[in-house]
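Listed here are the chains, written in short residue letters.
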Amino acid sequence: MDYRAVLFDFDFTLADASQAIVAGFQHGFAQMGHPQPDPDAVRGTIGLPLEDAYTLLSGDADQARRKEFRLHFSQVAVPMQIEVTKMFPGAEDLLRGLKAAGIPAAIVSTKRADTLCRVLEKRDLLGLLTAVTGSEMVQNQKPDPEGLCKTIAGLGLTPEQVLYCGDTVIDAEAAQRAGAHFCAVLNGTTPREAFSAFPADHIAPDLEELRLWLGL
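Summarised in this report is the structure supplied together with it. (Residues numbered from 1 in each chain as written. Predicted model: local features only at pLDDT ≥ 70, side-chain atom pairs only at ≥ 80, totals over all residues. Heavy atoms only, no water.)

With that settled, consider helix 5 (residues 91–100). Restricting attention to buried positions, one finds in helix 5 the residues Ala 91, Leu 94, Leu 95, Gly 97 and Leu 98. For helix 5, the angular spread of buried residues about the axis comes to 160°, placing them on one side. Buried residues along helix 5 sit in contact with strand 1 (5–8), strand 3 (86–87), strand 4 (105–108) and helix 9 (207–213). In the segment just after helix 5, Gly 102 is the residue with positive phi, at about 75°. (Buried < 20%, exposed > 50% of the residue type's maximum accessible area, 1.4 Å probe, protein only. Helix = DSSP H or I, 4+ residues; strand = E, 2+ residues; numbered from the N terminus. Arc of directions from axis to C-beta. Contact = heavy atoms within 4.5 Å.)

Encoded structure:
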């Protein structure tokens, strides 16, 4: 493997937390006085910063209400994610393969790091990761490359030494702007053709294929 580290998005890349995310949106919209959102529409926003997803689905751009929505969403979604998040097939084998090969693995996500760590710890996977960078740890969310650049620097590496794996064009743009390599993972709602506008070393249909492509 030519990469010195492999970084991952989380939602719809390594795992499916959509059941909890949809439930959080439904609760939040009810508390905010909005009609219930379509579950498929909610799933289509996964990967966006939470407040931006709220505005996209509700049309409400008021900053105070965007912050209020996060509070309502988190009351339901955060504890539920700890319990119901499902790692995609091949995720554990991929992370263990990287660990065995001495290749650092890390997560850079728009989900909060404290939530990510609780999800991963419950599944005995947290120890396989060198770093977890979440939304509360940066000023600017993806596609801004801040989170990627911060994580890469923390590993003592340069962007061209690193592969970032994600399921959305937001991830692809973040990698491009950071100067990192990118691999699209087709576990989410973004189709293969959407990645044609971005440089990608590989497009993996699933995590098992990604592990084999990496030679693990």
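It is worth spelling out helix 6 (residues 113–122) at this point. Within helix 6, burial applies to Ala 113, Thr 115, Leu 116, Val 119 and Leu 120. Seen from one end, helix 6 has its buried residues packed into an arc of 160°, which puts them on one side. Lining the buried residues of helix 6 we find helix 4 (63–84), strand 3, strand 4 and strand 5 (131–133).

Side chains Ala 5 and Leu 7 of strand 1 all project onto a buried face; the interleaved residues Val 6 and Phe 8 project onto the opposite face, where all are buried too. Pairing analysis gives four bridges linking strand 1 to strand 6 (residues 162–166), with the strands arranged parallel. Following the sheet pairing, Phe 8 is matched in strand 6 by Cys 165. (Pairing = 2+ DSSP bridges.)

The next point concerns the pattern of salt bridges. Under the defined criterion, the tally for this structure stands at 13 salt bridges. Between Asp 9 and Lys 142 there is a salt bridge, and its shortest N-O distance comes to 2.9 Å. A residue pair is termed long-range when its members are at least 10 positions apart, and Asp 9 in the loop between strand 1 and strand 2 (15–16) and Lys 142 in the loop between strand 5 and helix 7 (146–154) qualify at 133 residues. Each member of the pair, Asp 9 together with Lys 142, is buried. Taking the shortest distance from any N to any O, the salt bridge between Lys 142 and Asp 171 comes out at 2.7 Å. With Lys 142 in the loop between strand 5 and helix 7 and Asp 171 in helix 8 (residues 169–178), the pair connects residues that are 29 residues apart, well separated along the chain. For the pair Lys 142 and Asp 171, a shared accessibility class is recorded, and that class is buried. Three or more residues joined by partner-sharing salt bridges are found here, namely Asp 9, Lys 142 and Asp 171. (Salt bridge = Lys/Arg side-chain N within 4 Å of Asp/Glu carboxyl O.)

Turning to the packing of helix 4 against helix 6, a few remarks are in order. Taken N-terminus to C-terminus, the directions of helix 4 and helix 6 make an angle of 25°; their axes are 8 Å apart at the nearest point. On the basis of their axis angle, the class for helix 4 and helix 6 is roughly parallel. In this structure, helix 4 meets helix 6 at a crossing whose hand is right-handed. Across the interface between the two elements, Val 78, Gln 81, Ile 82 and Glu 83 of helix 4 pack against Thr 115, Arg 118, Val 119 and Lys 122 of helix 6. A class-by-class count of the residues in the contact of helix 4 with helix 6 yields three nonpolar, two polar and three charged. (Axes fitted to C-alpha atoms, helices over the stretch in contact; angles between N-to-C directions. Parallel < 35°, antiparallel > 145°, perpendicular 65-115°, else oblique. Left-handed = near helix turned anticlockwise from the far one by under 90°. Nonpolar A, V, L, I, M, F, W, Y, C, P; charged D, E, K, R; others polar.)

The next subject is the nonpolar core. Ranked by internal contacts, the top residues of the largest apolar core, which has 46 residues, are Phe 8, Phe 10, Phe 25, Phe 69, Cys 165, Leu 207 and Leu 210. Here this core gets five residues from one element, more than from any other, and that element is helix 1 (residues 18–32). Not counting residues up to four positions away in its chain, the partners in contact with Phe 10 are Ala 15, Thr 85, Met 87, Ile 107, Ser 109, Lys 111, Leu 116, Val 119 and Leu 120. (Core = buried A, V, L, I, M, F, W, Y, C linked by side-chain atoms within 4.5 Å.)

Looking now at the pairing of strand 4. The alternating pattern of strand 4 places Ala 105 and Ile 107 on one face and Ala 106 and Val 108 on the opposite face, and all of these are buried. In the sheet, strand 1 pairs with strand 4 via three bridges, with the strands oriented parallel. For Val 6, the partnering residue across the bridge sits in strand 4 and is Ala 105. Where strand 4 lies against strand 5, three bridges are found, and the strand directions are parallel. Bridged to Ile 107 within strand 5 is Val 132.

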